[in-house]
Amino acid sequence: MLMRAIALLCLTLYLTLWGISPAQADGVDQAKIDSSTQLWETSAHALNEVNCSSCHQAEQTQAFVAQPGVESCQTCHEQAVDTFLLGKHGIRLLEGATPLTPAMARLPMQAAAQDWQMTCNSCHDVHAVNTVQAATDSCLGCHNDTHSLNYQNSRHAELFAADSNLPRPSAAAVSCATCHLPRHEMGTGDNVFTQVNHNNTYTLLPRDRMVKDVCMNCHGAEYSYNSIFDDDLVEANFDAPPTLALESFDLVRAFDARRTDQGTE
Ligand code: HEC
Ligand code: HEC
Ligand code: HEC
Ligand code: HEC
Ligand code: HEC
Ligand code: HEC
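Residues numbered from 1 in each chain as written. Chains lettered and ligands numbered in written order. Predicted model: local features only at pLDDT ≥ 70, side-chain atom pairs only at ≥ 80, totals over all residues. Heavy atoms only, no water.

A. Highlighting the site of ligand 1. The immediate surroundings of ligand 1 are formed by 19 residues, with Lys32, Cys52, Cys55, His56 and His127 found nearest. Residue Gln67 places a side-chain N or O atom 3.4 Å away from an oxygen atom belonging to ligand 1. Among the secondary structure elements, those contributing two or more residues to the shell around ligand 1 are α1 (2–17), α2 (30–40) and α4 (52–56). Broken down by element, the residue count for the shell around ligand 1 peaks at five residues, all from α2. (Near = heavy atom within 4 Å. Polar contact = N/O pair within 3.5 Å; in protein donor to acceptor, adjacent residues only side chain to side chain. Helix = DSSP H or I, 4+ residues; strand = E, 2+ residues; numbered from the N terminus.)

Below, the structure is given as structure tokens:
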């Protein structure tokens, strides 16, 4: 309650300073200010003293911005912005075009989402910045193809649901983001830390990049390859163990057997 009062006071003072009352600022209404404040006050941002003005004030001109864009996140989350701009989701912004929308898609998308614009806000509620919600629920707000919809029936989804009350998705669970926005280790020496790679095209090209970067954190190579090259199993979003038996693994086994035989002769 106190946090909320302080936030409101700050915003009001702040807007008044620039000669606009909150109610008038580009048609921002009180109900929106209240709901934004409520979401913000228990967020990682509030805990780290990232305030309304951190995002709602333009750096150069100091002007009030009602609907900040990707650039408002950039100063603090450079890596997230840079990687986002390289994937299918963000590349239009990198090229200076309008944001991607589901209406432009080749894949099936939710009817209600046709005009949603793809920015940082599309997956993260920018005031709650909840990463659990961003990891699957947000995706299904737009994606409506068989593979995406089948995720909910998978063992992976079961594991994710069991852990989803944590503030951050558990590393032991598998969300859409585990496969499509993988965590990467960055830095060197004592300063190794994990960051999310927001390039949603990265693990798709080449297709077996996902095997090494994602699956093999938990499964063996053969299990992973046999799963990922089975189109039906991908379509079903991995709802059963793989039945494919890639010939190359038999070849490797045969080769290995021959080598071992020679070695023991
Ligand atoms: C992490 C950055 C960030 C912080 C911190 C933040 N906001 Fe926002 N806010 C945004 C973004 C981005 C949007 C635009 C959302 C969209 O387009 O869907 C927005 C939208 C809004 C809106 C709706 C504006 C409109 O015209 O629809 C209100 C009201 C608002 N914020 C109030 C606040 C208040 C009050 C605080 C502090 C308690 C706050 N925000 C903190 C990023 C932030
Ligand atoms: C003034 C710096 C600053 C700005 C601007 C900022 N953030 Fe943050 N953000 C932080 C800090 C500090 C944290 C908490 C530490 C961390 O996780 O890195 C954080 C955490 C987050 C998290 C993780 C939340 C969690 O629960 O772990 C997300 C998601 C996020 N920010 C998104 C955004 C988005 C989207 C924007 C732009 C609309 C934005 N941030 C703008 C500083 C900032
Ligand atoms: C605002 C809507 C929206 C949200 C939210 C969203 N996406 Fe997308 N996504 C799209 C659109 C539009 C495309 C382009 C599809 C096309 O061109 O057919 C796309 C493409 C993709 C692709 C294909 C990339 C490529 O290079 O072909 C993947 C993978 C993907 N999204 C995964 C996700 C995941 C995972 C999430 C959640 C963490 C998510 N998306 C959230 C709209 C969205
Ligand atoms: C397609 C959905 C999606 C979009 C778009 C998206 N994020 Fe994220 N983001 C996620 C998910 C999911 C996680 C948590 C994944 C995990 O922890 O496994 C995350 C995590 C984060 C984190 C905390 C982890 C870290 O690497 O520090 C930050 C900060 C963040 N996002 C910022 C941003 C910013 C800034 C943008 C816009 C450039 C953005 N996100 C766009 C889905 C998205
Ligand atoms: C266990 C890993 C895994 C999970 C979990 C997962 N996917 Fe995928 N996804 C894949 C693989 C593998 C492909 C196919 C790559 C290919 O065909 O080249 C794929 C393809 C896609 C594509 C691109 C389809 C196309 O034809 O271009 C989209 C979009 C997508 N996934 C969205 C999602 C969403 C949304 C979720 C969660 C609801 C999700 N995925 C969960 C592994 C996963
Ligand atoms: C964070 C760990 C983790 C990651 C990463 C992961 N999985 Fe899994 N996966 C599991 C667990 C745990 C199970 C459940 C095993 C069980 O039920 O015995 C599972 C089950 C499966 C199943 C069998 C589902 C069933 O119903 O029997 C397949 C197929 C599968 N994973 C494929 C993949 C593929 C392909 C990838 C990479 C794109 C991947 N997994 C990434 C942990 C993971």
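B. Broad picture of unusual backbone geometry. A cis amide bond links Leu205 with the next residue in sequence, Pro206, at an omega value of -15°. Here Pro206 shows up in the loop between β2 (193–196) and α13 (209–213). In this structure, Gln62 takes a positive phi of about 65° despite not being glycine. Tracing the backbone through its elements, the reader meets Gln62 in the loop between α4 and α5 (71–74). Judged by its relative accessible area of 36%, Gln62 falls in the partly exposed class. Here the phi dihedral of Val129 falls at roughly 35°; this positive angle occurs in a residue that is not glycine. (Buried < 20%, exposed > 50% of the residue type's maximum accessible area, 1.4 Å probe, protein only.)

C. Molecular detail of the nonpolar core. Counting residues in hydrophobic clusters, the biggest one holds nine residues: Val174, Cys179, Met210, Val211, Val214, Cys215, Tyr225, Ile228 and Phe249. Mapped by element, the contributors of at least two residues to this core are α13 and α14 (221–228). When residues no more than four places from it in sequence are discounted, the contact partners of Ile228 are Arg207, Met210, Val211, Cys215, Val234 and Phe238. (Core = buried A, V, L, I, M, F, W, Y, C linked by side-chain atoms within 4.5 Å. Contact = heavy atoms within 4.5 Å.)

D. Main features of the coordination of the iron atom of ligand 5. Protein coordination of the iron atom of ligand 5 is provided by His147 (NE2) and His180 (NE2), with donor distances spanning 2.0 Å. In this structure, the iron atom of ligand 5 is surrounded by six donor atoms whose angles at the metal cover 87 to 179°, and the resulting shape is octahedral. Here His147, found in helix α10 (residues 146–150), pairs with His180, found in helix α12 (residues 176–180); they are 33 residues apart in sequence, far enough to count as distant. Judged by relative accessible area, His180 falls into the partly exposed class, the value being 25%. (Donors = N, O, S within 2.8 Å, 3.2 Å for Na, K, Ca; no water. Tetrahedral: all angles 85-135°; square planar, octahedral: opposite > 155°, others 65-115°.)

E. Region of the structure containing helix α11 (residues 155–163). Residues of α11 that are buried: His156, Ala157 and Phe160. All buried residues of α11 lie within an arc of 95° about the axis, which places them on one face of the element. Away from its buried face by more than 90 degrees, α11 exposes Ala161 and Ala162. Of the surrounding elements, those touching the buried residues of α11 are α8 (131–135). (Arc of directions from axis to C-beta.)

F. Layout of the packing of aromatic side chains. All chains considered together, the criterion is met by two aromatic pairs. Both rings, one in Tyr225 and one in Phe229, keep their centres 6.3 Å apart while their planes meet at 5°; by these two values the pair is stacked. For Tyr225, a relative accessible area of 18% puts it in the buried group. For the pair Tyr225 and Phe249, a centre-to-centre distance of 5.8 Å together with 50° between the ring planes defines the contact as tilted. Here Phe249 lies in helix α16 (residues 247–264) and Tyr225 lies in helix α14, a separation of 24 residues in the sequence. Comparing Tyr225 with Phe249 shows no difference in burial state: the two are buried. (Phe/Tyr/Trp six-rings, centres within 6.5 Å; stacked < 30°, edge-to-face > 60°.)

G. Molecular detail of the side chain of Ser224. Summarising the element assignment, Ser224 is placed in helix α14. Of the polar contacts made by the side chain of Ser224, one reaches the backbone oxygen of Gly220; its length is 2.7 Å. If sequence neighbours within four positions are ignored, Ser224 has contacts with Val211, Cys215, Met216 and His219.

H. Spotlight on the site of ligand 6. Inspection of the region around ligand 6 gives 20 residues, with Arg155, His156, Cys215, Cys218 and His219 positioned closest. Residue His156 places a side-chain N or O atom 2.8 Å away from a nitrogen atom belonging to ligand 6. Take His219: an N or O atom from its side chain is 2.8 Å from a nitrogen atom of ligand 6. Contributing elements (two or more residues each) for the shell around ligand 6: α11 and α14. Its residues assigned to classes, the shell around ligand 6 shows 15 nonpolar, three polar and two charged. Viewed by domain, the shell around ligand 6 spans two of them, domain 2 (70–202) and domain 3 (206–265), each represented by three or more residues. (Nonpolar A, V, L, I, M, F, W, Y, C, P; charged D, E, K, R; others polar. Domains from an automatic or database assignment.)

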